[in-house]
Amino acid sequence: MIGSRVRDHPEVHGVHDFVAYYSGHVIEVEFHAEVDRDLTVVEAHDIESELRERVRGVEPVSDARIHLDPAGVGEWKDADVAARTSAGG
Ligand SMILES: [Zn+2]
């Protein structure tokens with residue numbers, strides 16, 4: 001499947017917020033991929049390009065919107081949930 005192609009990339013530590021939807025007769029996908037936080041912009045760019053090629057190799061995916069996250073850093077929505085949880089809600 002598409003998601004496993006992304007997760008199989010050696011530089012990807014995790015994938016979340018993966019969505020795929022039809023746009024006419026093709027599929028567009030969106031996902032967040034966690035990568036090392038110390039990557040250079042060039043390295044991150046190359047990974048993103050590779051991930052896009054991987055998912056576009058799956059018929060009938062036409063395009064991919066990829067958001068790279070630094071691994072281990074909670075995003076605001078995750079951090080918000082954690083904060084509310086630890087506050088005892
Ligand atoms: Zn994310």
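Each chain has its residues counted from 1, running along the sequence as written. Owing to the predicted nature of the model, reporting of local features is limited to residues with pLDDT of at least 70; listing and counting of side-chain atom pairs is limited to 80 or more, with chain, interface and lining totals taken over all residues.

A look at the overall build of the protein chain
Here is step 1 of the chain: Numbering of helices and strands runs from the N terminus; a helix is a DSSP stretch of H or I covering at least four residues, while a strand is a stretch of E covering at least two. Along the backbone of the protein chain there are three helices and three strands.
Here is step 2 of the chain: Counting from the amino terminus, helix and strand elements in the protein chain follow one another as α-β-β-α-β-α.
Here is step 3 of the chain: Note on burial: count the other C-beta atoms lying within 10 Å of the residue's C-beta; 20 or more is buried, 12 or fewer is exposed, in between is partly exposed, and C-beta positions come from the backbone. Burial statistics for the protein chain: of 89 residues in total, 11% are counted as buried.

Quick notes on helix α2 (residues 41-56)
Here is step 1 of the chain: Helix length check: α2, at 16 residues, gives a terminal C-alpha distance of 22 Å against a target of 22 Å (1.5 Å per residue), a fit within 8%.
Here is step 2 of the chain: Within the sequence span of α2, burial applies to I47, L51 and V55. One side of α2 holds all its buried residues, which, seen down the axis, span an arc of 65°. Those residues of α2 that are exposed and angled more than 90 degrees off the buried face are V42, H45, S49 and E53. What a helix is expected to span follows from its residue count: subtract one and scale by 1.5 Å. Comment: arc refers to directions from the helix axis out to C-beta atoms.

Observations regarding the sheet that holds strand β1 (residues 14-23)
Here is step 1 of the chain: Pairing between two strands is assigned when DSSP locates at least 2 bridges connecting them. Spatial strand order, β1-β2-β3: three strands in an open sheet with mixed pairing. One side of each edge strand has no neighbouring strand; the edge strands of this open sheet are β1 and β3 (61-70). Across the sheet, the axes of successive neighbouring strands diverge by a mean angle of 15°, strand direction being ignored.
Here is step 2 of the chain: Looking at chain direction, strand β2 (residues 26-35) and β3 are connected through nine bridges and run parallel. Within β3, the residue paired with E30 across the bridge is R65. Comment: axis = line fitted to C-alpha atoms, over the contacting stretch for helices; angle = value between 0 and 180 degrees taken between N-to-C directions.

Quick look at the pairing of β2
Here is step 1 of the chain: Across eight bridges, the pairing between β1 and β2 is antiparallel. Across the sheet, the residue bridging to H16 is H32, located in β2.
Here is step 2 of the chain: Between β1 and β2, which follow one another and run antiparallel, lie two residues, and G24 among them has a positive phi close to 70°.
Here is step 3 of the chain: If you view a crossover with the strands going away from you and the path from the first strand over the helix to the second runs clockwise, you call it right-handed. This β-α-β element, β2 to α2 to β3, shows right-handed connectivity.

Topic: the nonpolar core
Here is step 1 of the chain: Any set of buried Ala, Val, Leu, Ile, Met, Phe, Trp, Tyr and Cys residues joined through C-beta atoms within 7 Å is what this text calls a nonpolar core. Membership of the largest hydrophobic core is limited to ten residues, which are V6, V12, V29, F31, A33, V35, I47, L51, V55 and A64.
Here is step 2 of the chain: Among the secondary structure elements, those contributing two or more residues to this core are β2 and α2.
Here is step 3 of the chain: Considering every element that reaches this core, the biggest residue donor is β2, with four residues.
Here is step 4 of the chain: Residues in contact with A64, not counting those within four places in the same chain, are V29, R52, V55 and R56. Residue pairs qualify as contacts under a 7 Å threshold applied to their C-beta atoms, which are placed from the backbone.

Re the confidence of the model for the protein chain
Here is step 1 of the chain: Per-residue confidence from the predictor is reported as pLDDT, which spans 0 to 100. Residue-level pLDDT values for the protein chain average 85, and 81% of them are 70 or greater.
Here is step 2 of the chain: When pLDDT is averaged over each element of the protein chain, α2 comes out on top at 96 and helix α3 (residues 76-86) at the bottom at 53.

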